[in-house]
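One-letter residues, chain by chain:
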Amino acid sequence: MKASALTELDYHLGQSKYGDSSISEDESFHGTSSALLSVDRNGNYIRISVTMDEPLSLGDLNQLSMWLNPQSGNGNLQLELFLDGDGDGDWDSDNSKDARLRSVRESWSELKMSPSRWNELDGFDLIYEKYGDKAFPAGSLDECRERLNGKSIVRLYITIYKDGNVPRTSVYIDYIKLGDQIISFEPLEDEDIKKGPKSVSPGGQITYTITYGNNNLLPTDVVVSEEYDPRTLFLEANPAPDSGTNNVWTFHQLPPGAHGQIIVKVKTRRHACKANIRGKVYGSGYAFASGTLSTNFDSYPVTNSVTIAAGEFKFSASATTTVREIEGSILEYSEHGSGLYSCRDTLSYSPSSISVYRDINGSFAAVSLLQDSIYVQGAWFASLRGENEVRDIHWFDRYYQGRFLNLSSRLQLAKSQSFLETYAHFAGSADRTSKWSNVIADQRLSGEFTLTNEARAKWSNKSIRSQDDGLDCCPLIQGWQEPRSEE
Ligand SMILES: [Ca+2]
Ligand SMILES: [Ca+2]
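This is a predicted model, so every value here is computed, not measured.

> Before we move on, could you go through the coordination of the calcium ion (ligand 1) and cite the residues and values that matter?
Within the protein, the calcium ion (ligand 1) binds to Asp-84 (OD), Asp-86 (OD), Asp-88 (OD), Asp-90 (O), Asp-98 (OD) and Asp-98 (OD); these donor distances fall in the range 2.3 to 2.7 Å. Taken together, the 6 donor atoms coordinating the calcium ion (ligand 1) span angles of 52 to 155° at the metal, a pattern that classifies the geometry as irregular. If you list the donors of the calcium ion (ligand 1) from N- to C-terminus, the spacing comes out as D-x1-D-x1-D-x1-D-x7-D. With Asp-86 in the loop between β6 (76-84) and β7 (99-103) and Asp-98 in the loop between β6 and β7, the pair connects residues that are 12 residues apart, well separated along the chain. Relative accessible area serves as the criterion here: at 35%, Asp-86 is assigned to the partly exposed category.

> Run through the coordination of the calcium ion (ligand 2), naming residues and quoting values.
Within the protein, His-30 (O), Ser-33 (O), Asp-174 (OD), Asp-174 (OD), Ser-184 (O), Ser-184 (OG) and Glu-186 (OE) serve as the donor atoms for the calcium ion (ligand 2), at 2.1 to 2.7 Å. Every donor residue of the calcium ion (ligand 2) comes from the same chain, spaced as H-x2-S-x140-D-x9-S-x1-E. With a gap of 151 residues between them, Ser-33 in the loop between β2 (19-24) and β3 (34-40) and Ser-184 in the loop between β14 (181-183) and β15 (194-195) connect regions that are remote in the sequence. Considered together, Ser-33 and Ser-184 belong to a single accessibility category, that of buried residues.

> Can you explain the confidence of the model for the protein chain? Please cite residues and give values.
The predicted coordinates should not be examined in detail at positions where pLDDT is low. Confidence in the prediction of the protein chain, expressed as mean pLDDT, is 87, and 88% of residues score 70 or more. Segment residues 372-376: pLDDT under 50, and 1 contact once partners within four positions in sequence are set aside and those in other chains are kept. Confidence drops under pLDDT 50 across residues 463-487; counting only partners more than four residues distant or on other chains, this segment forms 61 contacts.

> Before we move on, could you go through the pattern of salt bridges and cite the residues and values that matter?
Within this structure, the stated rule accounts for 19 salt bridges. Glu-226 is the salt-bridge partner of Lys-194, the closest N and O atoms lying 2.3 Å from each other. Residue Lys-194 is located in strand β15, and its partner Glu-226 is located in strand β18 (residues 220-227); the two are separated by 32 residues in the primary sequence. The pair Lys-194 / Glu-226 is uniform in exposure class, with both members buried. Between Arg-385 and Glu-332 there is a salt bridge, with the nearest N and O atoms lying 3.1 Å from each other. Residue Arg-385 is found in strand β28 (residues 380-388), and its partner Glu-332 is found in strand β26 (residues 329-350); the two are separated by 53 residues along the sequence. Within this structure, Arg-410, Glu-421, Glu-454 and Arg-456 form a network of salt bridges that share partners.

> Before we move on, could you go through the nonpolar core and cite the residues and values that matter?
The biggest cluster of nonpolar side chains holds 42 residues, and the ones touching the most others in it are Leu-64, Leu-68, Leu-77, Leu-79, Leu-101, Leu-121 and Leu-156. Element by element, the count of residues in this core is highest for strand β4 (residues 45-57), at 5 residues. Not counting chain neighbours up to four residues away, the residues in contact with Leu-101 comprise Leu-79, Glu-80, Leu-81, Leu-83, Tyr-128, Glu-129, Lys-130, Phe-136, Leu-141, Cys-144 and Leu-148. Core analysis: the next-biggest nonpolar cluster, separate from the first, contains 31 residues, Tyr-208, Phe-251, Val-266 and Phe-313 among them.

Cut-offs used in this document
- Residues numbered from 1 in each chain as written.
- Chains lettered and ligands numbered in written order.
- Predicted model: local features only at pLDDT ≥ 70, side-chain atom pairs only at ≥ 80, totals over all residues.
- Heavy atoms only, no water.
- Donors = N, O, S within 2.8 Å, 3.2 Å for Na, K, Ca; no water.
- Tetrahedral: all angles 85-135°; square planar, octahedral: opposite > 155°, others 65-115°.
- Helix = DSSP H or I, 4+ residues; strand = E, 2+ residues; numbered from the N terminus.
- Buried < 20%, exposed > 50% of the residue type's maximum accessible area, 1.4 Å probe, protein only.
- pLDDT = per-residue confidence, 0-100.
- Contact = heavy atoms within 4.5 Å.
- Salt bridge = Lys/Arg side-chain N within 4 Å of Asp/Glu carboxyl O.
- Core = buried A, V, L, I, M, F, W, Y, C linked by side-chain atoms within 4.5 Å.

This is the structure in structure tokens:
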């Protein structure tokens, strides 16, 4: 699918051994360029073919015109319309519902054109025949439109046949009007109205190129208006916007056929870290605390729209850029229990790093409130989870059915260095799982134990250094540590 340009028409300039067509800046009716078609005595014809992004219903064809400036010879001109009748968007010679209308050839003198001057040719003044259908009477374009109602134009041929009496037949052609679409052979008319990148990093810069033009026949005020996505910040534009605005450009009395471009730079907003921390502490009784921190960010689209008002022509286009996702880290902690509880914690985070320090004490010290709840023994629970998908680190520690808990944890998750330092004095059960660089370690402890442990991973020159030490359990009823490689 073609992006939106100032014209929905495309053209192809024909070439042959004895003919040539090319863009020329020597003569123009509109703007600075036109097409120069020439064919010499050894040739037969030369042609421009025009295709459209969307078929145009014959019933909606209100204009078919162009300007010609004959240079040499008395060439013959023929217009040919290729029609789609079965709705497949194309013309097919084998399909009886598709049709081909072509005008009876007429010379420039028959068309009363003056040489070396710009003359308007109105396609509605010509007589047309249906190709390969003798039963179809020749008629005006209006008559043919009625008879072929329901069909759509998919292609137009403009063909120049040689004048055999001169060595070379040539003509300039400009400002082809088909429906409300224009071809003026200007260099920028086929540029996308709005161009932008497919994707960008969060916080990155997006550069848009806007192409505008005046397709009218008179100087016109052209007004370009930008609509920025609220998740972007305007940085600068060249040329600068109208004073007092950052999104409107007015080009006063832009000459016919003039085109230009505006470069606009915006910045996507950088993420602020998402944090969701909740804590509830009842000094004596039931205690609950939990928190989540994340530096993961989903990708999201940023859309920028532009409208161009240029006399009778109005254009609008938009560009969508995907702000890429960030894979970061997630940290979760939770603890609850009944009795005496105290907690000190420090959290710090940025879009690239999370760290937490938690020092928790929970016990069954004499709490009058809970005198009758001796069976609640083993109620302390604590967990700490740290994950960094980019570095493939997963730490998950759980302490449960604890009679008392004295736990000190320091956890950091960052791109360059991640670590988990633990000191625990605990009576109950504990599961500790760690996984990094495809090594999984499980540790299960039950009883009363003291544990100090440090796990650290650094990344420099793509090597990973890690260390694990300091397990001290007493008395250890049951426990194992089993590193293994992942399949
Ligand atoms: Ca067809
Ligand atoms: Ca032109």
